[in-house]
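Structural overview
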Amino acid sequence: MPPKAAGERRRPTQERAKATREHILDTAAKLFGERGIADTSTNRIATAAGVSIGTVYRYFTDRSVMVEELLRRLLENVERRFSQRVFGLGEKPSEDVITGILEVIADELVENALLVRALVAGVQFYNSGIPEFEPRLRLLVKVLVIQLLGPGDDHEYDVMTFVLINTGFAAVLRASALEVDSKERAESIRMTARMMAAWVDAELAAVKK
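Residues numbered from 1 in each chain as written. Predicted model: local features only at pLDDT ≥ 70, side-chain atom pairs only at ≥ 80, totals over all residues. Heavy atoms only, no water.

Take the overall build of the protein chain next. A count of helical and extended segments in the protein chain gives nine helices and zero strands. Along the protein chain, helices and strands appear, N-terminal first, in the series α-α-α-α-α-α-α-α-α. Looking at the 209 residues of the protein chain, the share that counts as buried comes to 43%. Across the protein chain, every contact between residues at least 6 apart in sequence was considered, and the portion connecting residues at least 24 apart equals 71%. Carbon and sulfur atoms provide 55% of the accessible area of the protein chain, an area that totals close to 11500 Å². (Helix = DSSP H or I, 4+ residues; strand = E, 2+ residues; numbered from the N terminus. Buried < 20%, exposed > 50% of the residue type's maximum accessible area, 1.4 Å probe, protein only. Contact = heavy atoms within 4.5 Å. Areas by Shrake-Rupley, 256 points an atom, 1.4 Å probe, with all protein chains shown as cover.)

Structure representation (structure tokens):
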């Protein structure tokens, strides 16, 4: 998990307070996606959410804290989908495993396409951003590599994990762009998975020699 943002307020415990906080976040996500982060003020978020600016500041000290929280929520959803898909694939071929994983990540990004675009653009303004996917997914992907190849050299598996994450996520991020239709997205994911699986299978063959 990323460290708690320096300006983040205490998380509410009462259900009504939790609902208010989530409503503010949902509103911020919508506005960030529509207008961009830099052009969305906390005052505008408060107005769109139908709450006072004081209520916004009760939960978030500034806009950057909302960005951090929205990124955290997006990452957690991707991790949850990733884990569910990996556990559901069993002994299927590596291409099917990789295709399934890329698909679930793409699904989450497509559902939040406008926000993802805003987060990518906001990397230069905030100490946060989409690149945080890499360290967050590293452990999950390394477990998958070990599951596919069996026990092996730890350093080599770390390098493989790095390459797989960056290759796969770069492809998925581009395939999830608003300008890409569902057919093109599916073709891009299948081709990426095929290339990644060929490499994994070659490594597996080398291990078995």
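Another aspect to go through is the packing of helix α1 (residues 15-35) against helix α2 (residues 42-49). One way to put it is that α1 packs onto α2 with a least axis distance of 9 Å and a crossing angle of 120 degrees. Between α1 and α2, the angle falls in the class oblique. Along this stretch, α1 crosses α2, giving a crossing that reads as right-handed. Mapping the contact onto sequence places H23, I24, T27, A28, L31, F32 and R35 in α1 and R44, I45, A48 and A49 in α2. Classifying every residue of the contact of α1 with α2 gives seven nonpolar, two polar and two charged. (Axes fitted to C-alpha atoms, helices over the stretch in contact; angles between N-to-C directions. Parallel < 35°, antiparallel > 145°, perpendicular 65-115°, else oblique. Left-handed = near helix turned anticlockwise from the far one by under 90°. Nonpolar A, V, L, I, M, F, W, Y, C, P; charged D, E, K, R; others polar.)

What follows covers the pattern of salt bridges. Here the structure, examined in full by the defined rule, presents 13 salt bridges. Put simply, E69 and R72 hold a salt bridge, and the shortest N to O gap is 2.2 Å. Of this pair, E69 and R72 both sit in helix α4 (residues 63-89), separated by three residues, roughly a single helical turn. An identical accessibility class is assigned to E69 and R72; each is buried. Two residues, R81 and E111, come together in a salt bridge whose shortest N-O distance is 2.8 Å. Of this pair, R81 sits in helix α4 while E111 is found in helix α5 (residues 94-111), placing the two residues 30 residues apart along the sequence. Taking the relative accessible area as the measure of exposure, R81 reaches 17% and is therefore buried. For E111, a relative accessible area of 55% corresponds to the exposed category. Connected through salt bridges with shared partners, the residues R21, E22, D26, E69, R72 and R73 form a single ionic network. (Salt bridge = Lys/Arg side-chain N within 4 Å of Asp/Glu carboxyl O.)

Those residues of α2 not exposed but buried are T42, I45, A46 and A49. The buried residues of α2 occupy an angular sector of 100 degrees when the element is viewed end-on, so they sit on one face. In the segment just after α2, G50 is the residue with positive phi, at about 75 degrees. (Arc of directions from axis to C-beta.)

Residues F32, M66 and I105 are the most contacted members of the largest nonpolar core, which totals 50 residues. When residues in this core are grouped by element, the largest group, nine residues, is from α4. (Core = buried A, V, L, I, M, F, W, Y, C linked by side-chain atoms within 4.5 Å.)

Running from amino to carboxyl end, α5 crosses helix α9 (residues 182-208) at an angle of 140 degrees, the nearest separation of the two axes being 8 Å. By the angle class used here, α5 and α9 are oblique. When you trace α5 past α9, the crossing you get is right-handed. Residues S94, E95, I98, T99, L102, E103, A106 and V110 of α5 lie in contact with α9, whose contacting residues are R185, I189, T192, A193, R194, M196, A197, V200 and D201. Considering only residue class, the contact of α5 with α9 consists of nine nonpolar, three polar and five charged.

That is the geometry; function is a separate question.
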